[in-house]
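Per-entry structural report
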Amino acid sequence: VELLSLCGLSARRQSEKANERRPRILIISSWIEPEFLSACEVFQYLLQMELSVECVVVDGINQMATCKPFAYYLVVLLFRGIFRDMDFTKLLMHAAYSAPMQRCLDMVPVIADSNFDFPSIDTLLKRHPISAPFPGGHAHAEQVFQNAAKYIFLSVVWKERNRRC
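A brief look at the structure comes next.

Parameters at a glance
- Per chain, residue numbering runs from 1 following the sequence as it is written.
- Where totals are concerned, whole chains, interfaces and linings use all residues; where local detail is concerned, this predicted model gives features only for residues with pLDDT of at least 70, and gives and counts side-chain atom pairs only at 80 or more.
- To get the side-chain values, all heavy atoms of the structure are used, and hydrogens and water are removed first.
- Put simply, DSSP marks the helices as runs of H or I at least four residues long and the strands as runs of E at least two long, and each gets a number from the N terminus on.
- Burial here depends on accessible area, computed with a 1.4 Å probe over protein chains only, as a share of the maximum for the residue type. Under 20% is buried, over 50% is exposed, and the range in between is partly exposed.
- We get accessible surface area from the Shrake-Rupley algorithm with a probe of 1.4 Å; when it comes to residues, only the shown protein chains can shield them.
- Only strands that DSSP links by at least two bridges are regarded as paired with each other.
- With the strands aimed away from the viewer, a crossover counts as right-handed if its path from the first strand over the helix to the second runs clockwise.
- Every axis in this analysis is a line fitted to C-alpha atoms, fitted for helices over the stretch in contact. Angles between the N-to-C directions lie between 0 and 180 degrees.
- By definition, residues are in contact when any of their heavy atoms lie within 4.5 Å.
- Whenever two N or O atoms come within 3.5 Å, that pair is a polar contact, provided that in protein one can donate a hydrogen and the other can accept it, and provided that, for residues adjacent in sequence, both atoms are side-chain atoms.
- Only centres within 6.5 Å qualify two rings of Phe, Tyr or Trp (six-membered ring in Trp) as a pair; their planes then separate them into stacked at under 30 degrees, edge-to-face at over 60, and tilted for everything else.
- Patches here: salt-bridge-free residues with over 30% relative accessible area, like charges joined within 9 Å, nonpolar side chains (Val, Leu, Ile, Met, Phe, Trp, Tyr) joined within 5 Å.
- Salt bridges, as used here, are contacts in which a Lys or Arg side-chain nitrogen is within 4 Å of a carboxyl oxygen on Asp or Glu.

Here the focus is the overall build of the protein. When you go through the protein residue by residue, the secondary structure sums to seven helices and four strands. The order of α-helices and β-strands along the protein, N terminus first, is α-α-β-α-β-α-β-α-β-α-α. Classification of the 165 residues of the protein by burial places 38% in the buried group. As displayed, the protein offers around 10100 Å² of accessible surface, 55% of which is attributable to carbon and sulfur atoms.

And the structure:
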C-alpha cells in the first residue's frame, strides 16, 4: 500500500481495474509471504509482455468469480508450504470447480521455489477438511480438491521426468 501511495496510485483503484478486465490467464498462489505476491506480479508482467494476452493475479474468490468466465488458463505458482494456506486451498478449489455448461480452466502449475515439496493427497485432505459450503456438497468439494491436487502433482512429476531424459 505504501509503494502504491508513493507512486500516486490507490490499492482500491487497482483492484477495481482488475475486475473490469477480461483476462485470458489467471494467476494464483499463496499470500502467506510478500515474496509470493511479488513473484506473481513479476510472472504476470512477463506473461503479458511475452504473449500479449491480458493476465491478472487473482487475490480472492470474488475476483475469481468475476474473471473466470473470460479466462482459459489458470497458472498456479507453487512455493514450499503453499498447501498449508487455507485461503489458497479455497481459491484453488473455486478455480478448479466448473458448473455444468461452464468452461473448465486449463491448469498450468509452475514451481516457483526450488524447495517446493508436494504432500500426499490424504495429508492435504486431513490438513484442510472441507467444511465451507461448496456447490455440489462436501463429497463434490473433496473430489474437486483431489482432482486439482492430482493434476498439479502429475504435471510436476511429468515435467521433472522429461527434464531428466
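Okay, the pairing of strand 4 (residues 106–111) next. Looking along a regular strand, one sees the side chains alternate between the two faces of the sheet. Of the strand pairs in this sheet, strand 3 (residues 73–78) and strand 4 are connected by six bridges, and their pairing is parallel. Note that in strand 4 the partner of Val75 across the bridge is Val108. Read from strand 3 through helix 5 (residues 86–96) to strand 4, the crossover connection turns out right-handed.

With that settled, the discussion passes to the sheet that holds strand 1 (residues 25–28). Across the sheet, four strands lie side by side as 2-1-3-4; this open sheet has parallel pairing. The outermost strands of the open sheet, each flanked by one partner alone, are strand 2 (55–57) and strand 4. Each adjacent strand pair in this sheet contributes to an overall mean axis angle of 20°, direction not counted. Along the sheet, helix 3 (residues 34–51) contacts strand 1, strand 2, strand 3 and strand 4; its crossing angle with strand 2, the most-contacted strand, is approximately 180°.

Going residue by residue along strand 1, you find Ile25 and Ile27 tucked away on one face and Leu26 and Ile28 tucked away on the opposite face as well. Examined bridge by bridge, strand 1 and strand 2 share three bridges and lie parallel to one another. When the sheet's bridge partners are listed, Ile25 is paired in strand 2 with Cys55. Here strand 1 pairs with strand 3 via four bridges, running parallel. Looking across to strand 3, one finds that Ile25 is bridged to Tyr73.

Attention now goes to helix 5. Those residues of helix 5 that sit buried are Phe88, Thr89, Leu91, Leu92, Met93 and Ala95. One side-chain oxygen at the N-terminal end of helix 5 lies 3.0 Å from the backbone nitrogen of Asp87; it belongs to Asp85.

Here we come to the packing of aromatic side chains. Enumeration over the complete set of coordinates arrives at two aromatic pairs. Their ring planes at 15° and their centres at 4.1 Å tell us that Phe36 and Phe79 sit as a pair that is stacked. With Phe36 in helix 3 and Phe79 in the loop between strand 3 and helix 5, this pair connects stretches of sequence that are 43 residues apart. Here Phe36 falls in the buried class, since its relative accessible area comes to 11%. Note on Phe79: relative accessible area 5%, which makes it buried.

Residues Val42, Tyr45, Leu46 and Met49 make up a contiguous nonpolar surface patch of about 440 Å² in total accessible area. Inspection of the secondary structure assignment puts Met49 in helix 3. Judged by its relative accessible area of 55%, Met49 is exposed.

Moving on: the side chain of Thr89. Within the secondary structure layout, Thr89 lies in helix 5. Look at Thr89 and you get buried, because its relative accessible area is 1%. Of note is the side chain of Thr89, whose polar atom sits 3.1 Å from the backbone oxygen of Asp85.

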